[in-house]
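Descriptive structure summary
Here is how the chains run, residue by residue.
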Amino acid sequence: MKFNNLLVEKSDGIATVTVNRPKALNALNEETLKELLACFAGLEADVSLRVVILTGAGEKAFVAGADIAAMKDLDAVAARDFALLGQKVMHLIEHLSKPVIAAVNGFALGGGCELALACDIRLAGNNARFGQPEVNLGVIPGFGGTQRLPRLIGKGRAKELLFTGDMIDAGEALRLGLVNRVVPPGELLGAARVLAAKIAGKGAYSVALCKEAVNNGLEMEIDKACRFEADHFALCFATADQKEGMGAFLEKRPAVFTGR
Ligand code: DAK
């Protein structure tokens, strides 16, 4: 599929999706959100894919937010539709059966920070800047920022970022647990690919079940969450990858997983 605002490249079971509106610092307008929806739906259906990397075009921005020019004159109904469209994208990424790694190569503000938050793992270039500056525009985050940010870094820290609209650098984001790792900008995509390749070499089904168990379990009471984990653990025993993984260990050879 051809997109106006996205670049998609696939190799060795890894897809790299680049938001490509560098003149607007990759801001998310309606068309870009709809393309992200179509793109990730296609990635979900592609059984040859193991991991997705999401990044922004150019050296300045991952995504500098929802498109302010496109939002300025919305009425309340259109604003709600726009927020729900963005939330659909975040939900699809968060629940994709394949891990999604955000490679944050500059500004990740507002909807851009929310996009990174919907990913499973965040790597940042040391030029990355994060923030939820919506209060500077007289609005609140609309793509899940008031919910995912406190779940990731804690209520008090999230509230400070949400109430002040302050921008933080990559080092502070690392200290707060907002990103997993910070690397020099020139090494960011390489680091994301190394991590993606490592994950791609594991049993795809077990990785997908890990993602599902973490995502769903965190919203449950602990005993129910552990039962949920046990059921997912049991499901692994219906796969060829479980036989291969355990067999290979006992035969003292590397496992070759097929994702089945
Ligand atoms: N939207 C549209 N255009 C943007 C943009 C954005 N978010 N960010 C940057 N641009 C455009 C600039 O207008 C400029 O365009 P030209 O003037 O060249 O045509 C170009 O990108 C380069 O930007 P700057 O010239 O400003 O570059 P600087 O290096 O000087 O500054 C910056 C970079 C990232 C600090 C600055 O551009 C900036 O502050 N950008 C805005 C960041 C921001 O406020 N992001 C949050 C957006 S609000 C909701 C739904 C969704 C949301 C909320 C509610 N509901 C419906 C309830 C989500 C809200 C947001 O994400």
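First, a word on scope: everything that follows refers to the structure included in this document. In this text, all values refer to a predicted model and were calculated from it rather than measured experimentally.

1. As for the packing of aromatic side chains
In the structure shown here, the tally under the stated rule is two aromatic pairs. Here Phe82 and Phe143 contribute two aromatic rings whose centre-to-centre distance is 5.6 Å and whose plane-to-plane angle is 55 degrees, an arrangement assigned as tilted. Of this pair, Phe82 sits in helix α3 (residues 76-94) while Phe143 sits in the loop between β8 (129-131) and α5 (145-153), and the two are 61 residues apart along the sequence.

2. Looking at the pairing of strand β7 (residues 121-125)
For β7, the tally of buried residues reaches five of five residues, placing the bulk of the element in the interior. Burial of the side chains of β7 extends over both faces: Ile121, Leu123 and Gly125 are buried on one face and Arg122 and Ala124 on the other. Pairing between strand β5 (residues 100-104) and β7: four bridges, direction parallel. Counted as the bridge partner of Ala102 is Arg122 from β7. Note that β7 and strand β10 (residues 181-183) share three bridges and pair parallel. Each bridged residue has a counterpart across the sheet, and for Leu123 the counterpart in β10 is Arg181.

3. As for the sheet that holds β8
Overall, mixed pairing links the four strands, which are arranged β4-β6-β8-β9 in an open sheet. Of all strands in the sheet, those with a lone pairing partner are β4 (61-63) and β9 (167-169), marking the two edges. For this sheet, the mean angle separating the axes of adjacent strands, direction not counted, is 20 degrees. Here three bridges tie strand β6 (residues 107-109) to β8, and the two strands are oriented parallel to one another. The residue of β8 that forms the bridge with Phe107 is Arg129.

4. With respect to the site of the ligand
Around the ligand sit 25 residues in total, of which Lys60, Ala64, Ala66, Ala79 and Gly111 are the nearest. At a separation of 2.6 Å, an oxygen atom of the ligand approaches a polar side-chain atom of Lys60. Contacts to the ligand include Ile68, whose backbone N or O atom sits 2.9 Å from a nitrogen atom. Surface burial for the ligand is 62%, taken as the share of its 1100 Å² of free accessible area covered by protein chains. Listed by contribution, the elements that provide at least two residues to the shell around the ligand are α2 (68-71), α3 and β6. Sort the elements by how many residues they give to the shell around the ligand and α3 lands first, with three residues. Its residues assigned to classes, the shell around the ligand comprises 17 nonpolar, four polar and four charged.

5. Looking at the side chain of Glu114
Structurally, Glu114 is set in helix α4 (residues 111-118). Despite being buried, Glu114 has no salt bridge partner; Arg148 is the closest side chain of opposite charge, sitting 6.7 Å away.

6. Focus: empty space enclosed by the protein
Tallied over the full model, the rule gives one cavity of 30 Å³ or more. The space that makes up the largest cavity amounts to roughly 40 Å³. Around the largest cavity, the lining residues are Arg50, Val51, Pro99, Ile199, Ala200, Lys202, Gly203, Ala204 and Val207. Elements with a minimum of two residues in the lining of the largest cavity: α8 (188-200) and α9 (204-217). Among the residues forming the lining of the largest cavity, the class breakdown is six nonpolar, one polar and two charged.

Cut-off values and rules
Every chain begins its residue count from 1, and numbering advances along the sequence as written. Owing to the predicted nature of the model, reporting of local features is limited to residues with pLDDT of at least 70; listing and counting of side-chain atom pairs is limited to 80 or more, with chain, interface and lining totals taken over all residues. Where side-chain values are given, they derive from all heavy atoms of the structure, hydrogens and water being excluded. Pairing of aromatic rings covers Phe, Tyr and the six-membered ring of Trp, with a centre-to-centre limit of 6.5 Å; geometry is then stacked below 30 degrees between planes, edge-to-face above 60, and tilted otherwise. Put simply, DSSP H or I for four residues or longer makes a helix, DSSP E for two residues or longer makes a strand, and each gets a number counted from the N terminus. Relative accessibility thresholds used throughout: buried, under 20% of the residue-type maximum; exposed, over 50%; partly exposed, between the two (1.4 Å probe, protein chains only). At least two bridges found by DSSP between two strands are what make those strands a pair. Think of each axis as a best-fit line through the C-alpha atoms, taken over the contacting stretch in the case of a helix, with angles from 0 to 180 degrees between the N-to-C directions. Residues are classed as near a molecule or strand on a simple rule: at least one heavy atom within 4 Å of it. Pairing of N or O atoms within 3.5 Å defines a polar contact, subject to two protein rules: one partner must be a possible hydrogen donor and the other a possible acceptor, and residues neighboring in sequence count only if both atoms are side-chain atoms. Each accessible area is a Shrake-Rupley result for a 1.4 Å probe, and residues are judged covered by the shown protein chains and nothing else. Under the convention adopted here, Pro, Cys and the residues Ala, Val, Leu, Ile, Met, Phe, Trp and Tyr are nonpolar, Asp, Glu, Lys and Arg are charged, and Gly plus all remaining residues are polar. We score Asp and Glu as negative and Lys and Arg as positive, and we do not count His or the chain ends. Salt-bridge detection follows one rule: a side-chain nitrogen of Lys or Arg within 4 Å of a carboxyl oxygen of Asp or Glu. We place a 1 Å grid over just the protein atoms. Points where a 1.4 Å probe fits but has no way out form a cavity, open points with protein on both sides within 12 Å along at least 5 of 7 lines form a pocket, and any residue with an atom within 4 Å of a point lines it. Grid points are joined across faces, edges and corners, and a volume is the space filled by probe spheres set on the points.

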